[in-house]
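Structure assessment
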Amino acid sequence: MLVVTAGDTLLADVLEESGKDPTLTGRTELWATGLSFIAERPLQGLGYRAFWVSGFAPAEELWAMFLVPSGAGFNFHNTYISNAVEIGLIGLSLQMMIIYGGGLMIATYALLRPNAPNAMLLSLQVLMILRSFIEVEVFFEFSIRSILAVCTFIYAAQGLLAVRAQAQMVASANRASAHMKGLIDA
């Protein structure tokens, strides 16, 4: 309850005591700018890779504020804000389905079939989810993490389907065995 009611104050105190910038090295200003663009075009966004382009005044202002050369690689340092600005809440929802759906499925599959590859994929998916709040982790060109997120989703889905099929086969075999036993006893 304390974290909910005084979370901002606690975070500011922790950051100050640890010698960190309370704006998380300017991230809070970036996030505020991103949220304002999301509010303007919430469903469809500005367009894929339409914000951080040379000549776009808001991007130029942020590059100047952070002393980054115009046109240099830069982002909102938050996967959800960055992607919602570009592809809107509809596109972000689809991406979140892949990220979190893959995370839930690989967690379930790792519990049902514990082995090193499943544990590794689960660990990488959890790391991606945790970092996504302070970095842009996935869904940009040439990103191995994007490929990993999609592959994890597919791998876990196929694994869970195989587990389900195996369980159905066992249940069917048990029913057949019970039926045969009933015929023999009769």
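If you're wondering where the values come from, they're calculated on a predicted model, not measured in any experiment. Residue positions are given per chain, counting from 1 as you read along its sequence in written order. Only residues with pLDDT of 70 or above have their local features reported here, since the model is predicted, and side-chain atom pairs are shown and tallied only from 80 upward, although totals for entire chains, interfaces and linings are computed over all residues. Excluding hydrogens and water, the side-chain figures rest on all heavy atoms present in the structure.

Our focus in this paragraph is the overall build of the chain. Runs of E in the DSSP output that reach at least two residues are strands. Runs of H or I that reach at least four are helices, and both are numbered from the N terminus. The secondary structure content of the chain amounts to six helices and zero strands. Ordered by position in the sequence, the α and β elements of the chain form the string α-α-α-α-α-α. Working definition: with a 1.4 Å probe on protein chains only, accessible area under 20% of the residue-type maximum means buried, over 50% means exposed, and in between means partly exposed. Across the 186 residues of the chain, 32% fall into the buried class. Only heavy atoms enter the contact rule, under which two residues are in contact if any of them lie within 4.5 Å. Considering only contacts in the chain between residues 6 or more positions apart, those separated by 24 or more positions represent 63%. Residue burial considers only the protein chains on display, and all accessible areas are found by Shrake-Rupley using a 1.4 Å probe. Within the structure as shown, the chain displays about 11,500 Å² of accessible surface, and the carbon and sulfur contribution to it stands at 70%.

Further remarks concern the environment of Ala72. Mapped onto the elements, Ala72 comes out in the loop between helix H3 (57-65) and helix H4 (79-112). Put simply, Ala72 and Val53 are 19 residues apart on the chain and 8.8 Å apart in space, counted from C-alpha to C-alpha.

A few words on helix H5 (residues 116-131). Here the expected length of a helix is defined as 1.5 Å per residue gap, with one fewer gap than residues. Over its 16 residues, H5 runs 22 Å from end to end, which matches the ideal 22 Å to within 8%, given 1.5 Å per residue. Within H5 the residues assigned to the buried category are Asn118, Leu121, Gln125, Met128 and Ile129. Take H5 and look down its axis: the buried residues cluster within an arc of 100°, on one side only. Turned more than 90 degrees away from the buried face of H5 sit Ala116, Met120 and Leu130, all of them exposed. Where the residues of H5 are buried, they touch H4 and helix H6 (144-185). Polar contacts here mean pairs of N or O atoms no more than 3.5 Å apart (in protein, one a potential hydrogen donor and the other a potential acceptor; neighbouring residues in sequence count only if both atoms are side-chain atoms). Two or three places before Asn118, at the start of H5, stands the capping residue Asn115, its side-chain oxygen 2.9 Å from that residue's backbone nitrogen. Note that the arc is defined by the directions from the helix axis to the C-beta atoms.

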